[in-house]
Each structure stands twice: as C-alpha cells, then as structure tokens.
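Single-letter residue listing:
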Amino acid sequence: MSTPTKPKVILAYSGGLDTSVILKWLCEKGFDVIAFCADVGQHHEDFDAVKAKAVNCGALKCIVTDLRKDFVENYIFEAIKCNAIYEGKYLLGTSVARPCIAKEMVRIAHEEGAEYVAHGATGKGNDQVRFEMCAQALDAKIKTIAPWRDAEFIESFKGRADLLAYCTKYEIPVDAKPKSNYSIDENLFHTSYESGMLEDANCTYDESMFKMSVSPKAAPEASTEIDIEFVKGVPVKLTNKTDGTVKTDALELFLYANEIAGANAIGRIDIVENRYVGIKSRGVYETPGGTLLRDAHMDLEGICMDREVKRIAEGMAGEFARLCYNGFWFAPEMDLVRNSVTFSQRDVTGVVSLELYKGNIIARGRTSPNSLYHPDLASMDIEGGGDNFDYNPSDAAGFIRINATRLKTYAALRANTEE
C-alpha cells in the first residue's frame, strides 16, 4: 500500500529561533519542508551551519542561493537610478531585498514541485505583505503559510519562552549568545535595527549596535577622495584617489562603497516611518554605500538631465519608493515606473568627484559627455549666450511679465474679496 504524498513547502529560513521553530512545526503538521536561505550579503553568516541546523530540525534539505550580484544589479541599482527614498529618509534596504528573495523562493518552489511557500514574518509588519504580494504576482496559484497569523501557532507560542521550551522539547539547538534587546535585519544594502528597546521612540542606543559604519567621532581625521563613474544612471566604476583602489565589478563596487562610506561615518538614520499596514514604526538604519551612490547619482543628474525630465523623474522616484515599500515590485505600475526611469537615464553618464569626511559627502566636481551645462550660457561675465546660443537678457522682461500675469489676477481677486 503506497504512502500518501506529503504536501511540500518552501520555507524562507534564516537559522534563527523563529524560523527554526516554524520549520519543526510545519514538519509536525505533516509537511515536507525544504528550507531556503537567501545570501543577500548578511554579515559573517555561516551558511554551512544554517544548512546543518535546517536538516537537524527536519528539513528534507536546505538550499542556499547566492543572490548578491542579482540583488545589486537588478534591485539596488534600480533604486539608485531613480534616487528612491521613502518618506524623505529611508533608502528601502529591507524593502528592495524582499522581491529578490521572493522571486528565488518561487523559482525553487517550481523546481521542487512545491505548492506552498512559508515565511516567518510577523502579522504587524510590512514583510508579510511584500513576500506574499511578490509570490502571488509571480505565481497566481501558489499558497502561503504564515504561522505568525495562524491562530493555533499564536496560541502555542505567546513569547520567546514558549519558543525556547519548544526547542528544548525537540532538541533544536539555540544560539548560546545573549539575545540583543532589538531585532536586526541584514543584507549588503543596509542593516536595520528595530523592536525591543527601540520601540520607545525616545530611547537612545549604544554605539556598539552598529555593524556597517563608525560614528563621526571615530571617523578618520583625513578625508577620502573618490571618483564615481556612471553609465546611463548605473554605477560602473569607483576610484579611490586617496589610495588608488579601483572597482568595476558591480558587486565588488557596491561592497567597496559600503566599506569606504562606512569608514567615514556615512549613512546612518533614526526615523519613525509609516508601515503599509497602518502602524507607525521606529527604525534605525545604516546604509553607507547606498547613501554614497545615491548622492553621487543625484549630483550627476544635475549636469546632464533636462529640468522638466528631472521634475517628472522626481515624481517617479516617490512612486517607485512607495511601490517598493508596499510590496508591489512585480506590479504593472512598477513596470511602468521602472521603464520610465530607465528612459530618463539615457543621458546620465559621467564622473562625479567627491570627498568623504566625518559623515559628510562633499561634491568636488562632475563631468559628463552629455552635459547640458554650458559655461558661456551661465556666465555673468558674458552678456549673451556665447557663440553657440542666442540668449538676450532683455527677453527676460517679457518672460517675467507673462509668468506674472496669473499672480496679478490672483492678487486682484484677493483684494476684492478681502475688502
């Protein structure tokens, strides 16, 4: 008599307490579990240990995929191209990683014949939305198991003590190191810190918390001078003029940008943001390389992007950030935004020279073969536009009168209604 085939699920697995308990719990519920761990540049992660722990917890196997290059080229650089920023501060370090991970998880589900995917995201956060929206956009038939929204799971695990008791019962190894009093999410784009003590919006934190950057107080007294070259909005070369280091490979370039920006105290923020689910959340982030490249990219756009294109592109940047943050990476509107951004970048090619010093990114110059900046046209020492441009300053009088017409009519209206 044949044994009934168990349903198969791909679990996004980190090797931490929550996902290890979830893995065992899914096995107990009758699933064949394949653990999936995405390498998106977590700092000092031992993936061999993660794989061994997953199998020890009952997984059929653990698949670790190196997504770092894909993450940089197809996700981070997409955000850099449009200067994406959420609510004026957050560079989307966690948000932009989720579609990269979800896409690979769905690919593995297809390859392994799994009809389910599972994750350990909480029922109060954004990640549950991001993972599931991306998964369903990529495969309309795939089903998601979210234990932290499951009534039975929540009833069984009301806190860390219950999770640890479950680990003891099933002999799941637990990290002996003391748990930080905040949660950490890491990838090569950023490190985020939230929850725990940081749920008090007025609570400060210790300098030892940070992993990717130093405090301005600990940054070198000597500055670092660099050149960053872009082609069509994408960083292609980073040159450290201080020590001669040159990086051209996308992944190596980004990792080096992290290194030099972090060493110069660049990229830290502490904010209260609005989650998509309607909850305000306090987060502390460090995004050194992303902050550096975005700043350089915006500087280059200043010299080679048309004013009205820039105005429209800024609107698209806000839309890109909102869609990415809310989990709509694979939505048709995001396709529209990304393709429009790519078109806007066709002339954004050139080199930006910068100086990095104690948390500051100081522009020192920029050049572009597609420059729209012309010294003769801008010069206060040349009356017209030089030899190549017909510009007559006296034309400005009519320009001003035409643009002031609506202001005059509005002022007349206000004068009449306020009498």
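Quick summary incoming for the structure in this document. In this convention, every chain numbers its residues from 1, walking through the sequence in written order. Given that the model is predicted, a residue must reach a pLDDT of at least 70 before its local features are reported, and side-chain atom pairs must reach 80 or more before they are shown or counted; all residues, however, enter totals for whole chains, interfaces and linings. In computing side-chain properties, one takes all heavy atoms of the structure into account and sets aside hydrogens as well as water.

**A short note on the overall build of the protein**
Turning to step 1, where the next piece is worked out: A run of H or I in DSSP counts as a helix once it spans at least four residues, and a run of E counts as a strand once it spans at least two, with each numbered from the N terminus. Each helix and strand in the protein was counted, giving 13 helices and 14 strands.
Turning to step 2, where the next piece is worked out: With the C-alpha coordinates of the protein rotated into their principal frame, the extents come out at 95 × 60 × 45 Å.
Turning to step 3, where the next piece is worked out: In this scheme, a residue with accessible area under 20% of its type's maximum is buried, one over 50% is exposed, and one in between is partly exposed, where area comes from a 1.4 Å probe on protein chains only. A buried classification covers 47% of the 419 residues belonging to the protein.
Turning to step 4, where the next piece is worked out: Of all intrachain contacts in the protein linking residues separated by at least 6 positions in sequence, the fraction that spans at least 24 positions is 70%.
Turning to step 5, where the next piece is worked out: Surface exposure here means Shrake-Rupley accessible area, sampled with a 1.4 Å probe, where a residue is shielded only by the protein chains that are shown. Here the protein displays about 21400 Å² of accessible surface, and carbon together with sulfur accounts for 51% of that area.
Turning to step 6, where the next piece is worked out: None of His or the chain ends enter the tally, which takes Lys and Arg as positive and Asp and Glu as negative. Charged side chains are reduced to one point each, which is NZ for Lys, CZ for Arg, CG for Asp and CD for Glu. One finds the centroid of the 48 positive side-chain charges in the protein at a distance of 4 Å from the centroid of its 62 negative side-chain charges. Contacts are assigned to residue pairs with any non-hydrogen atoms lying within 4.5 Å of each other.

**Considering empty space enclosed by the protein**
Turning to step 1, where the next piece is worked out: The pocket and cavity definitions rest on a 1 Å grid over protein atoms only: a 1.4 Å probe that fits but cannot leave marks a cavity, an open set with protein on both sides within 12 Å along at least five of seven lines marks a pocket, and residues lining either have an atom within 4 Å of a point. Grid points are joined across faces, edges and corners, and a volume is the space filled by probe spheres set on the points. What the rule picks out here adds up to one cavity of 30 Å³ or more.
Turning to step 2, where the next piece is worked out: Of the volumes computed, that of the largest cavity is approximately 40 Å³.
Turning to step 3, where the next piece is worked out: Of all the secondary-structure elements, those providing two or more residues to the lining of the largest cavity are helix H3 (68–81) and helix H9 (288–304).

**Let's talk about the sheet that holds strand E12 (residues 280–286)**
Turning to step 1, where the next piece is worked out: Read across the open sheet, the four strands follow the order E6-E7-E12-E11; overall the sheet is antiparallel. Lying at the two open borders of the sheet, with one neighbouring strand each, are strand E6 (183–186) and strand E11 (268–274). Each neighbouring strand pair of the sheet contributes to a mean axis angle of 25 degrees, computed without reference to strand direction.
Turning to step 2, where the next piece is worked out: Paired strands, in this sense, are two strands between which DSSP finds at least two bridges. As judged from the four bridges shared by E6 and strand E7 (residues 191–194), these two strands associate in the antiparallel manner. Within E7, the position partnered with Ser 183 by the bridge is Glu 194. Axis lines are fitted to C-alpha atoms, over the contacting stretch for helices. Their N-to-C directions set the angle, which ranges from 0 to 180 degrees.

**Topic: the packing of aromatic side chains**
Turning to step 1, where the next piece is worked out: Within 6.5 Å between ring centres, the rings of Phe, Tyr and Trp (the latter by its six-membered ring) count as paired, and their orientation is classed by plane angle as stacked under 30 degrees, edge-to-face over 60, tilted in between. Enumeration over the complete set of coordinates arrives at 16 aromatic pairs.
Turning to step 2, where the next piece is worked out: Ring geometry for Trp 25 versus Phe 153: centroids 5.0 Å apart, planes at 80 degrees, classification edge-to-face. Here the residue Trp 25 occupies a position in helix H1 (residues 17–28), and Phe 153 occupies one in helix H6 (residues 151–156), the gap between them amounting to 128 residues. Judged on exposure class, the residue Trp 25 and its partner Phe 153 are both buried.

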